[in-house]
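Residue-level listing of the chains:
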Amino acid sequence: IASATKDTTYLVQLIAYSNFGCADTTTKTVRVFPKPKSRFVMSDTAICSSGIVTLTNTSYPNDTGNISIMSFVWNFGNGHTSLNRDEIETFPSSKLQDTTYTITLYAYSEHGCLDSSSQKLTVHPKPIDSFSVIPSNGCYNFPVQFVNNTIHGKTYYWDFGDGTTDTAKNATHI
């Protein structure tokens, strides 16, 4: 059985016999290289739309040498690929729902042996800000109601432009 962590060498011998009992022997060497280990670390597993994720490659060849003798192919699941060792990638989202990307790293040893690893990234949509002003103009000291129509909002911060703020979903300001 070949080793998972180092080169394994086998001597394979063939002995052929004729109908008359004559024999001939041939020996060949077969070398089996271990599969590398593909691994990577993501700076985040969930981000907001158009967020940036740093992907740090922690693969190793599993025999001699180190990561510098390996080659790589990244598939980000967003239509982009890369041959770099490490990457920084931007991931867009849908405007209305979460988007999940499967990021896959293909790692090749110096012998061409392949391993791959995958991780999921969730990209959340940004809130879509919108509000109504009732009424939008009036005389001094009139109360204005601000109706929040934001999609995907959870918390809010109103800045009324006069040094006052509010964190309510809907606000009234004079």
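Bear in mind the structure is a predicted one, so any value in this text is a computation, not a measurement.

### Concerning the side chain of Asn 148
Right, so step 1: Residue position: Asn 148 is located in strand 12 (residues 144–148).
Right, so step 2: For Asn 148, a relative accessible area of 10% corresponds to the buried category.
Right, so step 3: In this structure the side chain of Asn 148 is engaged in a polar contact, spanning 2.6 Å, whose partner is the side chain of Thr 150.
Right, so step 4: Once residues lying within four places of it in the same chain are set aside, the contact partners of Asn 148 are Ser 130, Phe 131, Tyr 156, Trp 158, Lys 169 and Asn 170.

### With respect to the sheet that holds strand 5 (residues 51–57)
Right, so step 1: Ordered by their spatial adjacency, 3 strands build an open sheet running 3-5-8, and the pairing between neighbours is antiparallel. Lying at the two open borders of the sheet, with one neighbouring strand each, are strand 3 (40–42) and strand 8 (87–91). In this sheet, adjacent strand axes meet at a mean angle of 25 degrees when their direction is disregarded.
Right, so step 2: With 3 bridges joining them, strand 3 and strand 5 adopt antiparallel strand pairing. Note on strand 5: the bridge partner recorded for Val 41 is Thr 56.

### Some remarks on the sheet that holds strand 11 (residues 131–134)
Right, so step 1: In spatial order, the strands read 11-12-15; together these 3 strands make up an open sheet with antiparallel pairing. Pairing within the sheet leaves two strands with one partner each, and these edge strands are strand 11 and strand 15 (171–173). Adjacent strand axes in the sheet meet at a mean angle of 20 degrees, parallel and antiparallel pairs treated alike.
Right, so step 2: Bridge count for strand 12 against strand 15 is 3 bridges, and the pairing is antiparallel. Bridge assignment links Gln 145 to a residue of strand 15, and that residue is Thr 172.

Calculation rules
Residues numbered from 1 in each chain as written. Predicted model: local features only at pLDDT ≥ 70, side-chain atom pairs only at ≥ 80, totals over all residues. Heavy atoms only, no water. Helix = DSSP H or I, 4+ residues; strand = E, 2+ residues; numbered from the N terminus. Buried < 20%, exposed > 50% of the residue type's maximum accessible area, 1.4 Å probe, protein only. Polar contact = N/O pair within 3.5 Å; in protein donor to acceptor, adjacent residues only side chain to side chain. Contact = heavy atoms within 4.5 Å. Pairing = 2+ DSSP bridges. Axes fitted to C-alpha atoms, helices over the stretch in contact; angles between N-to-C directions.

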